[in-house]
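Below are the chains, spelled out letter by letter.
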Amino acid sequence: MSLDGYLDGATVKRLPLSNDADLDRVDAVRASCDAIMVGAATVRNDNPRLLIRAADRRRERMARGLPPSPVKVTVTAGGDLDPDADFFTTGEADKLVYCASSAVPAVRSRLAGVATVLDGGERLDMRAVSEDLSARGVNRLMVEGGGSLHTQFLTEDLADELQVVVAPFFVGDSRASRFVGDGSFPWHPGRRAPLAEVRRIGDVVLLRYALSARFCGG
Ligand SMILES: NC(=O)c1ccc[n+]([C@@H]2O[C@H](COP(=O)([O-])OP(=O)(O)OC[C@H]3O[C@@H](n4cnc5c(N)ncnc54)[C@H](OP(=O)(O)O)[C@@H]3O)[C@@H](O)[C@H]2O)c1
């Protein structure tokens, strides 16, 4: 996020916040996960590939019997997802779309052959989605935004670890997306989140918070 807590700029153009060294660190974190989740707005706005970039990390995963890159997961209520988006067309691992019941038939037809569309009920709940992912073998899930997903995972106390990287500039435009939206967070002035690590990475800083007993410090 920016110094003023934004995840992007106010225009449709993608705003780079991290530097190369941090993107490589993110690549390593991705490689350690079974699945990566982003919200449907991030699929639409950023068109992310969500693949492991480093060849040695892909090889190391394959040596462990895993696909080269983690499973990709998104959630949608309206189902406005383009089957030609890089999320769907790149990588060998499964692409899972949790969708509100009413949109399932249309989304299954739109994404036929590129994703598995799962009925998440009329109102998707991130705890239920997480439990379903766990039943599918996803033990370590990386939630990469946007703000809507951050807010749900944090307010529902589902995250074991929070990693925030602060970029050295301001966005200064409230039309941009915030790191989180309004909500009742379990971490507040009366219950401060345990800070596990502060790491300088060139001109950005990584903050890691241990949010549950399942936090693994390494
Ligand atoms: N700086 C970073 O590291 C970073 C990372 C990721 C994203 N971003 C930025 O964040 C922005 C997007 O953030 P955002 O908060 O607007 O959106 P988001 O979290 O990416 O996606 C929100 C969308 O996800 C779906 N969704 C979320 N919760 C749901 C639920 N409980 N049930 C059903 N569907 C649900 C809905 O999709 P439908 O609209 O399809 O119903 C909703 O509109 C982008 O501009 C992107 O650039 C930045």
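Residues numbered from 1 in each chain as written. Predicted model: local features only at pLDDT ≥ 70, side-chain atom pairs only at ≥ 80, totals over all residues. Heavy atoms only, no water.

### Concerning the site of the ligand
Inspection of the region around the ligand gives 24 residues, with Asp-8, Thr-42, Thr-76, Ala-77 and Ser-148 positioned closest. Within the backbone of Gly-146, a nitrogen or oxygen atom sits 3.0 Å from an oxygen atom of the ligand. In this structure, an oxygen atom belonging to the ligand sits 2.7 Å away from a main-chain N or O atom of Ser-148. Protein contact buries 77% of the 920 Å² of open area that the ligand shows by itself. Among the elements that line the shell around the ligand, the one with the most residues is helix α2 (residues 40-46), at six residues. Grouping the amino acids of the shell around the ligand by side-chain chemistry returns nine nonpolar, 11 polar and four charged. (Near = heavy atom within 4 Å. Polar contact = N/O pair within 3.5 Å; in protein donor to acceptor, adjacent residues only side chain to side chain. Areas by Shrake-Rupley, 256 points an atom, 1.4 Å probe, with all protein chains shown as cover. Helix = DSSP H or I, 4+ residues; strand = E, 2+ residues; numbered from the N terminus. Nonpolar A, V, L, I, M, F, W, Y, C, P; charged D, E, K, R; others polar.)

### A look at the nonpolar core
Generally speaking, a soluble globular protein has its nonpolar side chains buried in company with each other. If you look at the biggest cluster of nonpolar residues, it comprises 21 residues, and the most contacted ones within it are Leu-81, Phe-88, Val-97, Val-107 and Leu-111. Secondary-structure elements contributing two or more residues to this core are α1 (20-31), β1 (35-39), α2, α4 (86-89), β3 (95-99) and α5 (104-110). With residues up to four places along the chain from it excluded, the contact list for Val-107 reads Gly-79, Val-97, Cys-99 and Val-117. Grouped together as the second largest cluster of nonpolar side chains are 18 residues, Leu-118, Leu-133, Val-138 and Leu-149 included. (Core = buried A, V, L, I, M, F, W, Y, C linked by side-chain atoms within 4.5 Å. Buried < 20%, exposed > 50% of the residue type's maximum accessible area, 1.4 Å probe, protein only. Contact = heavy atoms within 4.5 Å.)

### Some points on the pairing of strand β6 (residues 161-166)
The element β6 is largely enclosed, with a buried count of five among its six residues. Taken together, the six bridges between β6 and strand β8 (residues 204-210) define a ladder with antiparallel strand orientation. Across the sheet, the residue bridging to Val-165 is Leu-206, located in β8. (Pairing = 2+ DSSP bridges.)

### What to know about the layout of surface pockets
Sizing a probe to match a water molecule and rolling it over the atoms shows the empty space that remains. In this model, the second largest pocket occupies a volume close to 240 Å³. Looking at the second largest pocket, the residues that line it are Met-1, Leu-154, Leu-162, Val-164, Phe-179, Val-180, Phe-185, Trp-187, Ala-193, Leu-207, Tyr-209 and Leu-211. Residue assignment for the lining of the second largest pocket shows that the elements contributing at least two residues are β6 and β8. (1 Å grid on protein atoms, 1.4 Å probe; cavity = no way out; pocket = protein on both sides within 12 Å on 5 of 7 lines; lining within 4 Å. Points joined across faces, edges and corners; volume = space filled by probe spheres on them.)

### Regarding the sheet that holds β1
Hydrogen bonding along the main chain pairs the strands of a sheet, whether they run parallel or antiparallel. Pairing within the open sheet is parallel, and its five strands lie in the order β4-β3-β2-β1-β5. Taken across any chain shown, the strands that pair with only one partner, and hence form the sheet edges, are β4 (116-119) and β5 (141-143). If you compare each strand with its neighbour and ignore which way they point, the axes differ by 25 degrees on average. The strands touched by helix α6 (residues 126-135) are β1, β2 (71-76), β3, β4 and β5; relative to β3, the strand with the most contacts, the crossing angle is about 150 degrees. (Axes fitted to C-alpha atoms, helices over the stretch in contact; angles between N-to-C directions.)

### Thoughts on the environment of Ile-201
As for its position among the elements, Ile-201 is in strand β7 (residues 195-201). Ile-201 sits in the buried class, given a relative accessible area of 9%. Measuring from C-alpha to C-alpha, the distance between Ile-201 and Arg-25 comes to 9.3 Å, with 176 residues separating the pair along the chain.

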